[in-house]
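Structural overview for review
Here is how the chains run, residue by residue.
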Amino acid sequence: MKGGCGRRTLGEKREREKPMQATQAGKLDALRKLKKIQALFVDDCRIQRVVLKTRRKMSWRPTYRSSKFRNVYGKVANREHCFEGIPITKNVHDNHFCAVNAKFLAIVTESAGGGTFVVIPVTQFGRIDPHYPKVCGHQGNVLDIKWNPFHDNIIASCSEDASVRIWEIPDGGLRRNLTESVLELYGHSRRVGLIEWHPTTSGILFSAGYDYKILIWNLEIGEPVKMIDCHTDVILCMSFNTEGSLLATSCKDKKLRVIEPRSGNVLQEANFKNHKVSRVVFLGNMKRLLTTGVSRWNTRQIALWDQEDLSMSIIEEEIDGLSGLLFPFYDADTHMLYLAGKGDGNIRYYEITLEKPYLQYLMEFRSPAPQKGLGVMPKHGLDVGACEVFRFYKLVTLKGLIEPISMIVPRRSETYQEDIYPMTPGTEPALSADEWLSGINRGPVLMSLKEGYNRPNKLVFKAPVKEKKGGVVNGIDLLENVPPRTENELLRMFFRQQEELRRLKDELTQRDIKIRQLELELNNIRISPNINNNNNSSSNGSSI
């Protein structure tokens with residue numbers, strides 16, 4: 001019995017020890033887990049210390065939260081401050097069809113024959129009369145218009161009739177249709193799709209045509225002084241750096257080029273399959289280029305480049321999968337980039353820095369109405385009292401509406417904000433045309449918006465007396481016959497030649513008539529001495 005009882009007691013002891021052993025094993029596991037957690041906590045503390053040290057070292061770098069433009073918002077003008085009833089052109093050419101300065105707003109309009117555009121004072125809001133006077137001197141559709149940056153009354157236009165024309169708009173706007181231009185510039189053999197004024201020089205205009213050439217015009221003599229012939233396809237965009245010593249172009253051959261305009265030498269060239277460039281813009285004095293285009297998968301994207309090395313982009317960022325062309329607008333004073341797509345209703349804006357991440361997304365302005373093009377008001381035409389840093393003029397084709405959109409920095413104080421309005425390029429040229437052509441480079445003449453934005457401009461545009469409509473550059477005739485590529489170009493060339501033949505026939509007929517008149521006068525002169533001699537002889541005989 002005792003042995004049996006002893007066995008039962010031993011078994012009971014073992015049964016009692018099992019939960020105690022399990023409890024001890026659980027405590028050991030808990031201790032191990034606690035040690036692991038403590039080790040992880042120590043590692044985390046070490047990591048945090050390292051991060052804090054690196055943050056202290058990198059505290060000079062600008063961050064998103066330190067940006068004073070992070071709260072910029074777009075404000076659409078009231079209906080009474082818009083322009084209505086304008087027959088905006090339906091041309092599908094990839095351009096803005098709009099140009100703005102501190103005095104006038106110019107919009108390319110739809111017309112039955114030839115090309116026209118309307119010029120309206122920026123303060124004349126409301127509905128525009130259907131019979132409002134227009135600028136209607138071109139024989140083909142107007143493809144681009146640009147205001148002279150140093151003279152608010154001078155505007156340049158280019159057209160499908162292969163001409164560039166300079167117009168002078170009187171103060172107060174037009175009172176009747178303007179058909180006679182100040183200058184007519186003929187040099188391209190095909191239609192002219194782009195024009196750009198030089199940013200620091202008065203009287204220098206660049207034009208790019210569908211003949212793959214860029215012509216540099218000296219408006220003081222009314223002649224082309226240089227032809228840049230390095231492109232193999234249609235030129236899509238032109239952009240200058242701040243002082244105008246470099247020209248960046250994008251071309252339909254998918255290449256991005258940086259050109260020295262006076263010599264025509266290509267300094268840098270890029271061609272990538274991953275990024276098809278459509279538009280390019282210089283980023284002020286940052287020595288950077290920004291391009292918009294499409295990726296290999298046909299998504300819209302932007303790319304940032306070093307202007308001295310186009311072998312590889314600094315950064316590429318995809319925007320969306322829409323098909324409309326992206327237009328970039330850069331504000332060198334605030335380092336802000338605005339992206340607006342053709343046919344979109346929104347405008348995205350970023351802040352650009354020289355350090356990573358280079359592009360900082362700020363916000364997006366949204367609107368239900370699609371935009372055909374956008375005009376940009378120069379800095380000296382902005383409302384400084386409302387802290388306006390940028391202003392668009394949005395073209396809404398379906399409504400015939402021009403809608404001003406102001407980009408505003410919210411500030412409580414109504415005083416002048418010097419931190420968002422630094423010295424900006426003014427309305428005075430830094431160089432004359434001859435100085436720039438001789439090789440001199442000079443930055444723009446800066447002005448303060450606090451006092452100088454209402455300063456009158458004393459520059460007077462004087463057009464040269466010019467009779468001929470052609471030019472020879474580097475020994476090459478710019479009006480040489482080029483085989484037409486389309487049926488429209490063939491018909492246009494045919495009608496142009498017919499008109500020239502008609503003019504020459506009329507001129508030949510007039511000269512024939514003049515020759516006959518001179519011959520008759522000569523015969524009369526020859527006959528009159530004989531008659532006088534006969535009369536004298538007869539009178540002498542009668543006296544005898």
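What you see is a predicted model; the values in this text were computed from it and never measured. (Residues numbered from 1 in each chain as written. Predicted model: local features only at pLDDT ≥ 70, side-chain atom pairs only at ≥ 80, totals over all residues. Heavy atoms only, no water.)

**A few points about the packing of aromatic side chains**
Geometrically, a pair of aromatic rings is defined through the distance of the ring centres and the angle of the planes. Applying the stated rule across the entire model yields 12 aromatic pairs. Pairing F117 with W167 gives two aromatic rings, centres 6.4 Å apart and planes at 80 degrees, and the pair type is edge-to-face. Taken as a pair, F117 in strand β5 (residues 115-121) and W167 in strand β10 (residues 163-168) lie far apart in primary sequence, 50 residues in all. An identical accessibility class is assigned to F117 and W167; each is buried. An aromatic cluster is built from F329, Y338, Y349, F390 and F392, whose rings are joined through pairwise contacts. The ring centre of W297 lies 5.8 Å from the NZ or CZ of R296, which sits over that ring. (Phe/Tyr/Trp six-rings, centres within 6.5 Å; stacked < 30°, edge-to-face > 60°. Helix = DSSP H or I, 4+ residues; strand = E, 2+ residues; numbered from the N terminus. Buried < 20%, exposed > 50% of the residue type's maximum accessible area, 1.4 Å probe, protein only. Lys NZ or Arg CZ within 6 Å of the ring centre and 35° of its normal.)

**Here's the deal with the sheet that holds strand β9 (residues 154-159)**
Pairing between the strands of a sheet comes from backbone hydrogen bonds, and it takes one of two forms, parallel or antiparallel. Spatially, the four strands line up as an open sheet ordered β8-β9-β10-β11, and their pairing is antiparallel. Only two strands of the sheet have a single neighbouring strand rather than two, namely β8 (142-147) and β11 (183-186). On average, each strand axis in the sheet is inclined to that of its neighbour by 20 degrees, with strand direction left out of account. Judged from the five bridges that link them, β9 and β10 form a sheet pairing that is antiparallel. Considered in β10, the bridge of C158 is made with V164. (Pairing = 2+ DSSP bridges. Axes fitted to C-alpha atoms, helices over the stretch in contact; angles between N-to-C directions.)

**What to know about a positive patch on the surface**
Where like charges cluster on the molecular surface, the positive patch consists of K252, K254, K273, K276 and R296. With respect to the helices and strands, the residue K254 is situated in the loop between β17 (247-251) and β18 (255-260). (Patch = residues over 30% accessible without salt bridge, like charges linked within 9 Å, V, L, I, M, F, W, Y side chains within 5 Å. Areas by Shrake-Rupley, 256 points an atom, 1.4 Å probe, with all protein chains shown as cover. Salt bridge = Lys/Arg side-chain N within 4 Å of Asp/Glu carboxyl O. Lys, Arg positive; Asp, Glu negative; His and termini not counted. Charge placed at Lys NZ, Arg CZ, Asp CG, Glu CD.)

**Overview of the nonpolar core**
Counting 33 residues, the largest nonpolar core has I86, L105, I107, F117, I169 and I402 as its most contacted members. Taken together, the elements giving at least two residues each to this core come down to β3 (98-100), β4 (104-109), β5, β8 and β29 (388-396). For this core, the element with the most residues is β4, which contributes five residues. If we skip the residues at most four places from it in the chain, I107 touches I86, I88, F97, F117, V118, I120, I145, L395 and I402. Among the nonpolar cores identified, the runner-up in size contains 25 residues, and F69, F329, F390 and F392 belong to it. (Core = buried A, V, L, I, M, F, W, Y, C linked by side-chain atoms within 4.5 Å. Contact = heavy atoms within 4.5 Å.)

**Here we look at the confidence of the model for the chain**
Of all residues in the chain, 80% have pLDDT values of 70 or greater, and the mean over the chain is 83. This stretch, residues 1-7, has a pLDDT under 50; its non-local contacts, to residues over four places away or in other chains, come to zero contacts. Low pLDDT (under 50) marks residues 54-65, which in the prediction has eight contacts with non-local residues, meaning those over four places away or in another chain. (pLDDT = per-residue confidence, 0-100.)

**Section: the pattern of salt bridges**
Overall, the coordinates contain 24 salt bridges when judged by the stated rule. Between D320 and R300 there is a salt bridge, with the nearest N and O atoms lying 2.7 Å from each other. Of this pair, D320 sits in strand β23 (residues 315-320) while R300 sits in strand β22 (residues 300-306), and the two are 20 residues apart along the sequence. The class for R300 is buried, based on a relative accessible area of 1%.

**Observations regarding unusual backbone geometry**
That bond from K356 to P357 is cis: its omega, 10 degrees, falls within 30 degrees of zero. Position of P357 relative to the elements: it lies in the loop between β26 (347-352) and β27 (359-365). One non-glycine residue with positive phi stands out, namely A162, at about 65 degrees. In this structure, A162 sits in the loop between β9 and β10. Note on A162: relative accessible area 4%, which makes it buried. Unlike most non-glycine residues, Y212 shows phi in positive territory, near 70 degrees. Here Y212 lies in the loop between β13 (204-209) and β14 (214-218).

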